[in-house]
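Here's the letter readout for the chains.
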Amino acid sequence: DGVRGTANVHPMTADMALKVAMATATILKKSSCEPGHQSRAIIGKDTRLSGYMLEQAMASGFVAMGMDVLLVGPIPTPGIAMLTRSLRADVGVMISASHNPFEDNGIKLFGADGFKLDDNVEEQIEAAMGTDLNSQNADPQSLGKASRLDDALGRYIEFVKSSLPRGQTLDGLKVVVDCANGAAYKVAPQVLWELEAEVITIGNNPNGRNINLDYGATKPQNLQKAVLEHSAHIGLALDGDADRLIVVDEKGKVVDGDQILALIATTWKECGQLTNDTVVATVMSNLGLERYLTNNGMTLARTPVGDRYVVEHMREGGFNLGGEQSGHIVMTDYGTTGDGVMAALHVLSALKTSGKTASEYLRRFEPFPQILKNVRFEKGDDPLGNGDVKAAIAASEAKLGSNGRIFVRMSGTEPVIRVMGEGEDVSILENEIDGLCDLIANTARMKKVS
């Protein structure tokens with residue numbers, strides 16, 4: 001899903017960003033059949049220091065190929081998806097490495113419809129990067145122009161607010177919001193203030209190097225402390241590009257994406273908004289969520305890991321609610337990708353309407369105990385192709401039966417096999433996971449389990 005790596009080290013160099021932009025422009029201009037159409041790209045970023053370098057490189061690439069560029073600056077990823085569609089742009093670019101540390105960066109591409117580019121289009125772009133792109137440069141009078149879009153944040157704020165009923169406010173709620181020193185450091189507190197919540201903001205002083213550092217959705221400890229210190233009703237943690245949300249209740253307990261999905265699904269089902277009474281989530285979502293939905297007349301459809309696959313399945317089946325345990329919440333009635341700020345507004349709206357405390361209202365089910373371990377191996381190995389490993393996985397699945405499940409997968413970004421299990425009996429679960437990890441490690445050439 002796009003490109004990601006250490007900034008200023010291949011592939012996240014200015015040269016590579018330039019080529020990505022040039023190749024993208026080449027492919028998209030070929031697919032545009034409208035005579036006289038002036039192609040346009042939107043570029044946004046989070047608060048990483050390397051964003052300046054990559055933003056300028058990509059702008060240069062698009063301009064060289066005859067595309068106009070609108071530079072947005074720091075904005076949540078869903079804001080780029082929205083602006084691409086709203087401004088009738090041909091492509092939207094988000095420069096971000098999400099929840100990764102500041103040393104990393106990445107590039108995500110959105111199509112004119114606001115959804116991430118299809119696999120086949122990305123493959124065409126990859127192929128084009130290996131060609132002589134300079135031979136397709138625009139002539140001098142056809143070069144593109146680059147300009148700043150000054151009201152981008154205001155447009156996004158109105159967009160997320162419009163997902164709530166007109167007249168809905170959040171007055172009476174004291175909210176702590178953790179912006180991870182990332183892309184939402186301005187918009188998240190502003191949205192909550194405009195909706196009349198009492199807002200305490202942390203993680204909102206980015207300096208280019210502190211994004212996700214001790215703050216954000218993957219590190220909620222400071223948010224937990226702040227909620228208790230301020231006697232807040234609820235805490236909200238976003239990640240670096242604000243496409244995911246983790247909640248902390250008034251007691252300082254973390255509420256993950258599975259619980260958020262259960263809450264929104266229930267409220268939508270009650271008002272007839274949940275399409276086909278179905279929620280789409282990944283194979284990593286807790287079995288407790290699946291049981292909760294089933295017991296309440298709903299269905300959980302599972303996909304491979306990644307919000308990209310969640311969205312694809314939602315579009316294929318016409319479903320309107322999906323997400324991940326990590327906090328990506330996708331509501332296609334309003335947007336095209338995970339949106340942490342928008343999801344937060346729906347949680348807060350439901351909480352206020354309920355009149356209950358967050359600890360009472362947000363915890364919809366008791367999660368099954370879940371264990372996740374990683375086994376590192378040497379690149380080139382394929383431990384999961386081993387017959388003994390396959391047989392052991394099948395035996396563990398059979399042993400847990402309907403009271404649990406085992407899920408083993410290869411990481412998409414590093415030479416790691418992730419072994420996840422969940423079940424009612426923790427001792428049995430631990431034995432099965434440990435046994436599988438040991439077998440996989442003994443099969444691989446690097447025997448390291450963490």
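On a predicted model such as this, the values are computed, not experimentally measured, just so you know. (Residues numbered from 1 in each chain as written. Predicted model: local features only at pLDDT ≥ 70, side-chain atom pairs only at ≥ 80, totals over all residues. Heavy atoms only, no water.)

## Some details on the sheet that holds strand E8 (residues 198-202)
1) Next: Judged by pairing direction, the sheet is mixed, and its five strands sit side by side in the order E8-E7-E9-E10-E11 without closing on themselves. In the strand order of this sheet, the two ends are held by E8 and strand E11 (254-255), each with one partner.
2) Next: Sheet topology places strand E9 (residues 234-238) next to strand E10 (residues 245-249); five bridges connect them, and they run antiparallel. Residue pairing across strands places Leu236 opposite Val247, the latter belonging to E10.
3) Next: Most of the contacts of helix H6 (residues 187-194) go to E8, to which it runs at about 170°, and overall it touches strand E7 (174-178), E8 and E9. (Pairing = 2+ DSSP bridges. Helix = DSSP H or I, 4+ residues; strand = E, 2+ residues; numbered from the N terminus. Contact = heavy atoms within 4.5 Å. Axes fitted to C-alpha atoms, helices over the stretch in contact; angles between N-to-C directions.)

## Section: the side chain of Gln259
1) Next: Here Gln259 is to be found in helix H8 (residues 257-270).
2) Next: Side-chain polar atoms of Gln259 contact the backbone oxygen of Phe365, separated by 2.9 Å.
3) Next: Gln259 has contacts with Leu362, Arg363, Arg364, Phe365 and Pro367, leaving out every residue within four places of it along the chain. (Polar contact = N/O pair within 3.5 Å; in protein donor to acceptor, adjacent residues only side chain to side chain.)

## Section: the nonpolar core
1) Next: Core analysis: the biggest nonpolar cluster contains 69 residues, and Leu83, Leu192, Ile234, Leu236, Leu245, Leu321 and Leu362 have the highest contact counts within it.
2) Next: Tallying contributions element by element places helix H11 (residues 340-354) first for this core, with nine residues.
3) Next: Ignoring any residue separated from it by four or fewer positions in sequence, one finds Leu245 in contact with Leu236, Ala237, Leu238, Ile260, Ser326, Gly327, Gly340, Ala343, Ala344 and Val347.
4) Next: Formed by 32 residues, the second largest nonpolar core is a distinct cluster that contains Met12, Ala21, Ile95 and Ile107. (Core = buried A, V, L, I, M, F, W, Y, C linked by side-chain atoms within 4.5 Å. Buried < 20%, exposed > 50% of the residue type's maximum accessible area, 1.4 Å probe, protein only.)

## Some thoughts on unusual backbone geometry
1) Next: Cis peptide bonds are those with omega within 30 degrees of zero, and the linkage from His10 to Pro11 qualifies with 10°.
2) Next: Structurally, the position occupied by Pro11 is in the loop between strand E1 (3-6) and helix H1 (14-31).
3) Next: Positive phi, close to 55°, is recorded for Arg88, a residue that is not glycine.
4) Next: Within the element layout of this structure, Arg88 appears in the loop between helix H3 (77-86) and strand E4 (91-95).
5) Next: The exposure class assigned to Arg88 is exposed, which follows from its relative accessible area of 66%.

## Thoughts on the packing of aromatic side chains
1) Next: A full pass over the atoms with the stated rule returns three aromatic pairs.
2) Next: Seen in terms of ring centroids, Tyr156 and Phe159 are 6.2 Å apart; in terms of plane orientation they differ by 40°. Their pairing is tilted. Note that Tyr156 and Phe159 are positioned in helix H5 (residues 152-161) at a spacing of three residues, about one turn of the helix. This pair shows no difference in class: Tyr156 is buried, exactly as Phe159 is.
3) Next: With a centroid separation of 6.2 Å and an interplanar angle of 70°, the aromatic rings of Trp268 and Tyr334 are classed as edge-to-face. (Phe/Tyr/Trp six-rings, centres within 6.5 Å; stacked < 30°, edge-to-face > 60°.)

## Re the pairing of strand E12 (residues 278-282)
1) Next: With five of its five residues buried, E12 lies for the most part within the structure.
2) Next: Burial along E12 is two-sided: Thr278, Val280 and Thr282 and Val279 and Ala281, pointing in opposite directions, are all buried.
3) Next: When E12 meets strand E13 (residues 299-303), the two strands line up parallel, connected through five bridges. For Thr278, the partnering residue across the bridge sits in E13 and is Thr299.
4) Next: Chirality of the crossover, the property in question, places the unit of E12, helix H9 (residues 287-295) and E13 among those that are right-handed.
5) Next: Bridge analysis of E12 against strand E14 (residues 321-323) gives two bridges, and the strand direction is parallel. (Right-handed = clockwise from strand over helix to strand, strands pointing away.)

## A word on the environment of Lys352
1) Next: Along the chain, Lys352 turns up in helix H11.
2) Next: Taking the relative accessible area as the measure of exposure, Lys352 reaches 29% and is therefore partly exposed.
3) Next: When the C-alpha atoms of Lys352 and Asp46 are compared, they prove to be 31 Å apart, with 306 residues separating the residues in sequence.
4) Next: Every residue in contact with Lys352, bar those within four places of it in the chain, is listed here: Gln168, Thr169, Leu170, Asp171 and Leu173.
5) Next: Only 3.2 Å separates the side chain of Lys352 from the side chain of Thr169, close enough to count as a polar contact.

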